[in-house]
Amino acid sequence: EPWPEGCRCAPLTGLGYDSPFGAGGPAVAVKVSNASQADPQTGLNRADLIYEEPSHGIDSVSRFLGVFHSRDVDTVGPVRSARTSDPPLLAPMGRPILAYAGANKGVHWIIDIRERDGWLVQAHENKDGEPEFFRLDGRRDEHSLFARRNSLVQSYGGSAAPPNQQFSFLDEGQQNAGAKPAGR
């Protein structure tokens, strides 16, 4: 899917915008299941960044942390629980919204502290319910929760902040000084 044309200034990608919130909108990070039972995931194809994190300490099971800022996407999921690894990934981004489906007591404690310290704004099903989160019929319960990114921004955007630039991007046609074309 082609990225939007226009400015090459989105801080997480160095590409253009088609998000209704534009450059001033906050990043929204959503915990998304990567279990085979969760297929198909919704919205990940429009994420600016995707982190894959181990889940439950089992090598073959993981979760995604999709970060959405520059693309127009509303529905994202299925949403799963937060982990202790989430706040450090989000710390350099400004003050994003973290959307998740709950967490154990220790993880909630860490996220509460990081929210108080200004690292993030948290949103989860047990805190917010509708209209930010909804369930789809016909899916297993643990894979039926989805988030509405636009509702999250409308509800929490005033407490959040736009993301900081994460990487240095080259302009069109530029290359690194030491770059060499690949042979294959």
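For the structure itself, look to the data block above.
Residues numbered from 1 in each chain as written. Predicted model: local features only at pLDDT ≥ 70, side-chain atom pairs only at ≥ 80, totals over all residues. Heavy atoms only, no water.

**Student:** How would you summarise the overall build of the protein chain if you had to cite specific residues and measurements?
**Tutor:** For the protein chain, the helix and strand inventory stands at four helices and eight strands. Across the protein chain, helices and strands are ordered from the amino to the carboxyl terminus as β-β-β-β-α-β-α-β-α-β-β-α. On C-alpha atoms alone, the protein chain measures out to a radius of gyration of 17 Å, which is about the 16 Å that the 2.2 N^0.38 rule sets for 184 residues. Referenced to the eigenvectors of the C-alpha coordinate spread, the extents of the protein chain come out at roughly 50 × 40 × 30 Å. Among the 184 residues that make up the protein chain, the fraction classed as buried is 46%. Look at the contacts in the protein chain between residues 6 or more apart in sequence, and 64% of them connect residues 24 or more apart. Working note: accessible area of the protein chain is about 9500 Å², and carbon and sulfur atoms make up 49% of it. Across the protein chain, 19 positive and 23 negative side-chain charges occur, with their mean positions spaced 4 Å apart. (Helix = DSSP H or I, 4+ residues; strand = E, 2+ residues; numbered from the N terminus. Rg over C-alpha atoms; globule rule 2.2 N^0.38 Å. Buried < 20%, exposed > 50% of the residue type's maximum accessible area, 1.4 Å probe, protein only. Contact = heavy atoms within 4.5 Å. Areas by Shrake-Rupley, 256 points an atom, 1.4 Å probe, with all protein chains shown as cover. Lys, Arg positive; Asp, Glu negative; His and termini not counted. Charge placed at Lys NZ, Arg CZ, Asp CG, Glu CD.)

**Student:** Which residues make up the pairing of strand β6 (residues 121-124), and what are the values?
**Tutor:** Judged by which residues are buried, β6 turns out to be covered on both faces: V121 and A123 on one side and Q122 and H124 on the other are all buried. Across four bridges, the pairing between strand β5 (residues 97-100) and β6 is parallel. Among the inter-strand pairings, Y100 is bridged to a residue of β6, identified as H124. One crossover worth recording links β5 to the parallel β6 by way of helix α2 (residues 105-116), and it is right-handed. (Pairing = 2+ DSSP bridges. Right-handed = clockwise from strand over helix to strand, strands pointing away.)

**Student:** I'd like to hear about the pairing of strand β1 (residues 28-33), residue by residue, with values.
**Tutor:** For β1, the tally of buried residues reaches six of six residues, placing the bulk of the element in the interior. Side-chain alternation along β1 places V28, V30 and V32 on one buried face and A29, K31 and S33 on a second face that is also buried. For β1 and β5, the ladder comprises three bridges, and the chain directions are parallel. Its bridge partner being in β5, V28 is matched across the sheet by I97.

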